[in-house]
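Structural characterization, general
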Amino acid sequence: MYDTCMKHLDGKWLIGVSGGPDSMALLNMCLESNTFVHAAMVNYHHRPEADMEEQGVRAFCMAHHVELSVLSTPFQARGNFEAEARKHRYDFFVKLVKEYDLAGVLIAHQEDDLLETYFMQKERHLVPETYGLAEEMHYQGILVKRPLLSFTKRQLLEYCVEKEIPYWVDSTNNDRSLARNRIRQDLVSGMNAEERAEVRKEIHRENEALQDRRRRMNSMVEKKRIPFGEYRSLCEEDRLTLLRSLLDEKGSHHTLKHLEALDDIIMKKDMFLLEADERWLVSDGSFFYLMDPLKPYCFEVHDVQQLLGLGRQQCFLVEKGKPGVNAVTLKETDFPVTVRNFQDGDVIEMRFGTKPVHRFFIDRKIPLYQRAVWPVVVNQAGEVILVPGLGCSVDHYSFEPQVSVLQLFVTYIEGGDFHA
């Protein structure tokens, strides 16, 4: 019945083996189809029977002349055990694929896993890369294949019994505190073939719609800058898909709740600066886009020549003074002088009175990411004596200023780069 259930795969593959019936069935199917494999097992040492299972897998691999690599160092998760254990496991797989120059990784996920994952995605309101499980995916550039998605767990158990393949059942599968176990017991295990087929059709429809939406939204994301008007004219599902495509370009993943929170800000505000993993999601009033963070800075100088010596930095330029709103005349008592980025609470004494610097930004509609690194010049008393674009303080003005400090606007250019 099961003799030809898996086709031969060219090349040499890494196969993840846990000792459970699914992975032991896949390992034996690879042997039957003459697929060349190298087995990999991770022993987390979280269950009393873990060492016994490792020995059983070692014995099977030795008897069938299968190379086996075992990661057996004790594992401690700092947060979600399942998520961290998965990363621990897959990082090990990637290391082995590279070390032994393998074609990729074979994982023994089967139909029950597919259905459980789909129900978990719906329960948690996730917007995933794929609903259910994809037959193929990439992890850190490594191909991962799931050749058993058309098999139920019961079929794989029957296969192991028929072929007399040893397997070990994870005792934590009965722990109902784990969402996957609860879904398995309450939903998936009791489904008949017709019900399973209907859910698989539903998953297929969801993925077709998801891919169509992604294709449409990617055409906007490729422009790098997203117009507010165009974004706000989209339906919510399209907006959330666009955000996921934009934010996940480096492989990160965001929950639906997080995407909805970002969407709410973009729909209501024309100005924002939001942290997005290691980047900034920023707006300039008409568009929003991702950019690398601009770093805060602070330069202390002790005379005019040293100040002029700063020259061109990432966000400002110091040059010989020219009359205007970027110029300042310095006194000996001002030194040491500091050139730093704007900070909340900065004020400057102008001819017309005290001016909070943030009001200047608001009046000029300066984007928040520009405000974060706007230069100010501060004397040794801690007084702001120059805000480029606004001017110098009332007692630092002259017709022959010594120094001009210019704000360098970091602007978007065609192709997706940002330049001062």
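This text gives an overview of the structure that appears in the document. None of the values given here were measured: they were computed from a predicted structure.

1. Things to note about the overall build of the protein chain
- For the protein chain, the helix and strand inventory stands at 13 helices and 22 strands.
- For 420 residues, the compact-globule formula gives about 22 Å, and the C-alpha radius of gyration of the protein chain, at 30 Å, lies well above that figure.
- A principal-axis box enclosing the C-alpha atoms of the protein chain has dimensions of 95 × 45 × 40 Å.
- Split into buried and exposed, the 420 residues of the protein chain put 48% on the buried side.
- Sequence separation of 24 or more characterises 68% of the internal contacts of the protein chain that already satisfy a separation of 6 or more.

2. What about the environment of Ile183?
- Inspection of the secondary structure puts Ile183 in helix H6 (residues 179–188).
- Its relative accessible area of 3% is what places Ile183 among the buried residues.
- Spatially, the C-alpha atoms of Ile183 and Glu236 are 29 Å apart, while their sequence positions differ by 53 residues.
- Once residues lying within four places of it in the same chain are set aside, the contact partners of Ile183 are Glu116, Phe119, Met120, Glu123 and Val188.

3. Some details on the side chain of Glu116
- Inspection of the secondary structure assignment puts Glu116 in helix H4 (residues 111–123).
- In this structure Glu116 comes out as buried when scored by relative accessible area, which is 1%.
- Residues in contact with Glu116, not counting those within four places in the same chain, are Arg180, Ile183, Arg184 and Val188.

4. Focus on the pattern of salt bridges
- Under the definition given, this model contains 30 salt bridges.
- Here Glu53 and Arg47 are joined by a salt bridge, their closest N and O atoms 2.8 Å apart. Neither Glu53 nor Arg47 differs from the other in exposure class; each is buried.
- A salt bridge links Arg215 to Asp212; the nearest nitrogen and oxygen atoms lie 3.9 Å apart. Note that Arg215 and Asp212 are positioned in helix H7 (residues 193–221) at a spacing of three residues, about one turn of the helix.
- Taken together, the shared-partner salt bridges connect Asp212, Arg213, Arg215, Arg216, Glu237 and Asp238 into one network.

5. Here's the deal with the side chain of Arg371
- Mapped onto the elements, Arg371 comes out in helix H13 (residues 368–372).
- An unpaired buried charge is present at Arg371: no salt bridge exists, and Asp344, the closest side chain of opposite charge, is 8.4 Å distant.
- Arg371 has contacts with Phe342, Phe361, Ile362 and Ile366, leaving out every residue within four places of it along the chain.

Reading the values: the criteria
- Residues numbered from 1 in each chain as written.
- Predicted model: local features only at pLDDT ≥ 70, side-chain atom pairs only at ≥ 80, totals over all residues.
- Heavy atoms only, no water.
- Helix = DSSP H or I, 4+ residues; strand = E, 2+ residues; numbered from the N terminus.
- Rg over C-alpha atoms; globule rule 2.2 N^0.38 Å.
- Buried < 20%, exposed > 50% of the residue type's maximum accessible area, 1.4 Å probe, protein only.
- Contact = heavy atoms within 4.5 Å.
- Salt bridge = Lys/Arg side-chain N within 4 Å of Asp/Glu carboxyl O.
- Lys, Arg positive; Asp, Glu negative; His and termini not counted.

None of the figures reported here should be taken as evidence of function without further support.
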